[in-house]
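Structural features, examined
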Amino acid sequence: MASQDNVSRSSNGDSHTMKIALVTGITGQDGSYLTEFLLEKGYEVHGLIRRSSNFNTQRINHIYVDPHNVNKARMKLHYADLSDASSLRRWLDVIKPDEVYNLAAQSHVAVSFEIPDYTADVVATGALRLLEAVRSHIVDTGRTIKYYQAGSSEMFGSTPPPQSETTPFHPRSPYAASKCAAHWYTVNYREAYGLYACNGILFNHESPRRGENFVTRKITRALGRIKVGLQTKLFLGNIQASRDWGFAGDYVEAMWLMLQQEKPDDYVVATEESHTVEEFLEVSFGYVGLNWKDHVEIDKRYFRPTEVDNLKGDASKAKEILGWKPKVGFEKLVKMMVDEDLEMAKREKVLVDAGYMDAKQQP
């Protein structure tokens, strides 16, 4: 799907009037929702994707148009990597974007304990490589680029809630520490070079497109299979952990709004409500008439070396300056995810019953 052809000129200093955005992490949950949002706004969107033996573009397949269809293909994909500085600079020079959204990351907290070097290289140093590529491109071309850095509420770690833009960071994982580094690199490039660079400190945001190894999606995916008889047990870790959960589709609007302001700044994006994993279980299982206690078992292997107990954001600055507020509440979000995964489980059961699949996975 990735192509080097049909790259349009930027509206910044050229005759083309369409705004152009460059998105790293376009194949992820946030990247797919942001791309949909930007396309609706009339943007041309270029996404950087990593080469893989397996296609990983499922989240954006529904909006992909073959680049040979020049008049309709406003989303284009290109091979690059945050670990490869030359590819980042090359695509900036070719695409000439007006806005850059750095969403790419090794974003799984638990996995970051397993691969800390890689996590730091991509999440922290990768952001630095992209910032430097943007800075040098601006110096060489005289163009203006607005830059968005995806931060995380995990940066606050053990700092008590509520957490705002002025709350001290106390990261509790290699992922969180790497996000802190990326945050301060972004602040430094803004202050040192006058770069229009914003940090979005987004609290947990979920959707039916969330990866299946993240706890919310792990729950709803298993729940669908349990409901249709493909699974009986769900194994989890710390169900007392409390998080500020919102809908990813709402949060991408906040990313865009940050880059539409007169001056760059940093913003917390959150629902300002906190719920435990146990509450998520109660709402999701209760929605389909099941008792979670009949199916959930605690497995210590899913506990982190250092836990983050409670994250709850104070998004008053985003509300006041950006005019942003979440549209989807906690229960609506949970039910949205359950509905989607229940339908997926029903389709899976058809294949299992017909002998095309073996319902392995968990007991």
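The shown structure was predicted, so the numbers you read here are calculated from the model rather than taken from an experiment.

Given two aromatic rings, their pairing is described by the distance between the two centres and the angle made by the two planes. All told, the structure shown has 11 aromatic pairs when counted by the stated rule. With a centroid separation of 5.4 Å and 90 degrees between ring planes, the pair formed by Y251 and W324 is classed as edge-to-face. Placement of Y251 in helix α7 (residues 248–258) and of W324 in the loop between α9 (316–322) and α10 (330–353) is noted, with a sequence separation of 73 residues between them. Under the relative-accessibility criterion, W324 is labelled buried at 2%. An angle of 70 degrees between the planes, with centres 6.0 Å apart, marks the rings of F280 and F330 as edge-to-face. Pair noted here: F280 is in helix α8 (residues 277–287) and F330 is in helix α10, with a separation of 50 residues, a long-range link. According to the relative accessible area criterion, F280 is buried, its value standing at 0%.

The UniProt record annotates "domain: NAD(P)-binding" (unreviewed entry) at residues 22–337. With 40% helix and 16% strand, the stretch residues 22–337 has end C-alpha atoms that lie 28 Å from each other.

In a regular helix each residue adds 1.5 Å, so 26 residues correspond to 38 Å; helix α4 (residues 116–141) covers 36 Å between its end C-alpha atoms and thus fits that length. Within α4, the axis deviates most sharply at T125, by approximately 35 degrees. Looking one or two places after α4, you find G142, whose phi comes out positive at around 75 degrees.

Scoring rules and cut-offs
- Residues numbered from 1 in each chain as written.
- Predicted model: local features only at pLDDT ≥ 70, side-chain atom pairs only at ≥ 80, totals over all residues.
- Heavy atoms only, no water.
- Phe/Tyr/Trp six-rings, centres within 6.5 Å; stacked < 30°, edge-to-face > 60°.
- Helix = DSSP H or I, 4+ residues; strand = E, 2+ residues; numbered from the N terminus.
- Buried < 20%, exposed > 50% of the residue type's maximum accessible area, 1.4 Å probe, protein only.
- UniProt positions renumbered as here; feature names shortened; annotations may be inferred.
- Expected span 1.5 Å × (residues − 1).
- Bend = angle between axes of the 7 residues up to and from the residue.

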